[in-house]
Amino acid sequence: ENLVGYAKTDLVIASCDDWTSLTQANISAREWCVEINGKTHSEISAVPADRLAEEVKVLRPLPSPRAAIRRGESRKVDRLATVRFGSARYSVPTRLVGAQVGVSVAADQVLIDHDERRVAEHPLIAPGEVSIIDEHYGGARGTPRRAVRPRTATEKAFLALGPVAEAFLRAAAAAGQSRLPAHLAEIAALETAHGRDVLVAALERALTFRRFAAEDVRSVLAAGPDAPTTAAAGAPLDADLPTVTGRSLDAYALDRLGAGQVTK
């Protein structure tokens, strides 16, 4: 560790009279260093040359004296994979959580860079808003869905009809159906007279037409399975409708009406 000091003190004093040039002095210094580093050191009880070969494996490169080029302002990515800029938040890929990124603005776009690479682009938003890109989190997230929790015996009996009953209950509640518990009790009681399969089919039909009252379900049951169904726009109705004769618009012309009805 102190070879330069040894060379200045011991080597120069011992060999300076034999040197004729600087090149010869440097050669002597290198030979002396190789000799000294090849012997066992009294302090470390090891050969310095061998020790250095092992230490080189774990040495880190020196930092570059060149200043790093930074784009925009530096921000740290938080645990939600977002950065705060201009009192708004912008998402970045989740792999950058905890990393430092550069945030800048070009026109109406917020540009986010990491290691000289563009990792995100967002439209500039107002303070307090949040701009999220689903791809930063692996894709779009589904809408949270809470399970229906029946509390009364009536609700439990109704939901026992299966998934159609649950969908019917959710839609009726979302539509603001009044007296919903009473309607559910009446609908569940219809199973005794019509059977579960017929009642479930009627519930499915009532759900299609957005009819959530007990009398609506009874009407569906009374109409039977052959009742008309919904049809696409412009398609004929699947129903036996009465035929009505039509009249041409010419039948309503003034010259075809009675003379006493024509006025000027």
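Model, not experiment: these values are computed from the prediction. (Residues numbered from 1 in each chain as written. Predicted model: local features only at pLDDT ≥ 70, side-chain atom pairs only at ≥ 80, totals over all residues. Heavy atoms only, no water.)

1. A closer look at unusual backbone geometry
Right, so step 1: The backbone of Ala 107 shows a phi angle near 60 degrees, a positive value even though the residue is not glycine.
Right, so step 2: Here Ala 107 is to be found in the loop between strand S4 (100–106) and strand S5 (109–114).
Right, so step 3: Positive phi, normally seen in glycine, also occurs at Glu 116, with a value near 65 degrees.
Right, so step 4: For Glu 116, the position within the fold is in the loop between S5 and strand S6 (117–123). (Helix = DSSP H or I, 4+ residues; strand = E, 2+ residues; numbered from the N terminus.)

2. Examining the nonpolar core
Right, so step 1: Core analysis: the biggest nonpolar cluster contains 22 residues, and Phe 158, Leu 161, Phe 168, Ile 187, Leu 199, Leu 203 and Val 217 have the highest contact counts within it.
Right, so step 2: Within the residue set of this core, elements represented by two or more residues are helix H4 (153–159), helix H5 (163–174), helix H6 (180–189), helix H8 (196–208) and helix H9 (214–223).
Right, so step 3: For Phe 168, the contacting residues outside a window of four places in its chain are Phe 158, Ile 187, Leu 203, Ala 206, Leu 207, Arg 211, Phe 212 and Val 217.
Right, so step 4: Formed by 15 residues, the second largest nonpolar core is a distinct cluster that contains Val 83, Tyr 90, Val 92 and Ile 125. (Core = buried A, V, L, I, M, F, W, Y, C linked by side-chain atoms within 4.5 Å. Buried < 20%, exposed > 50% of the residue type's maximum accessible area, 1.4 Å probe, protein only. Contact = heavy atoms within 4.5 Å.)

3. So, the sheet that holds strand S7 (residues 130–131)
Right, so step 1: One open sheet holds the 3 strands; their spatial order is S2-S3-S7, and the pairing between them is mixed. Every other strand in the sheet has two partners, leaving strand S2 (82–85) and S7 as the edge strands with one partner each.
Right, so step 2: Bridge analysis of strand S3 (residues 88–91) against S7 gives 2 bridges, and the strand direction is parallel. Opposite Tyr 90, over in S7, you have Ser 131 as the bridge partner. (Pairing = 2+ DSSP bridges.)

4. Let's talk about the pattern of salt bridges
Right, so step 1: Overall, the coordinates contain 10 salt bridges when judged by the stated rule.
Right, so step 2: Taken together, the salt bridges that share partners define one network made up of Asp 113, Arg 118 and Glu 121. (Salt bridge = Lys/Arg side-chain N within 4 Å of Asp/Glu carboxyl O.)

5. Notes on the pairing of S2
Right, so step 1: Where S2 and S3 come together, 4 bridges link them in antiparallel fashion. Its bridge partner being in S3, Thr 82 is matched across the sheet by Ser 91.
Right, so step 2: Here S2 hands over to S3 after 2 residues, with Gly 86 in that stretch at a positive phi of 60 degrees.

6. A few points about the sheet that holds S6
Right, so step 1: Reading across from one edge, S1-S4-S5-S6 is the order of the 4 strands in this open sheet, with antiparallel pairing throughout. Since the sheet does not close on itself, it has two edges, and those belong to strand S1 (73–76) and S6, each with one partner. Each neighbouring strand pair of the sheet contributes to a mean axis angle of 30 degrees, computed without reference to strand direction.
Right, so step 2: Two elements, S4 and S5, share 5 bridges in a ladder whose sense is antiparallel. (Axes fitted to C-alpha atoms, helices over the stretch in contact; angles between N-to-C directions.)

7. Some thoughts on H5
Right, so step 1: Here H5 spans 17 Å end to end across 12 residues, near enough to the 16 Å set by a 1.5 Å rise per residue.
Right, so step 2: Considered for burial, the residues of H5 that qualify are Ala 165, Phe 168, Leu 169, Ala 171 and Ala 172.
Right, so step 3: Of the surrounding elements, those touching the buried residues of H5 are H4, H6, H8 and H9.
Right, so step 4: Immediately downstream of H5, the backbone of Gly 176 shows phi near 75 degrees, a positive value. (Expected span 1.5 Å × (residues − 1).)

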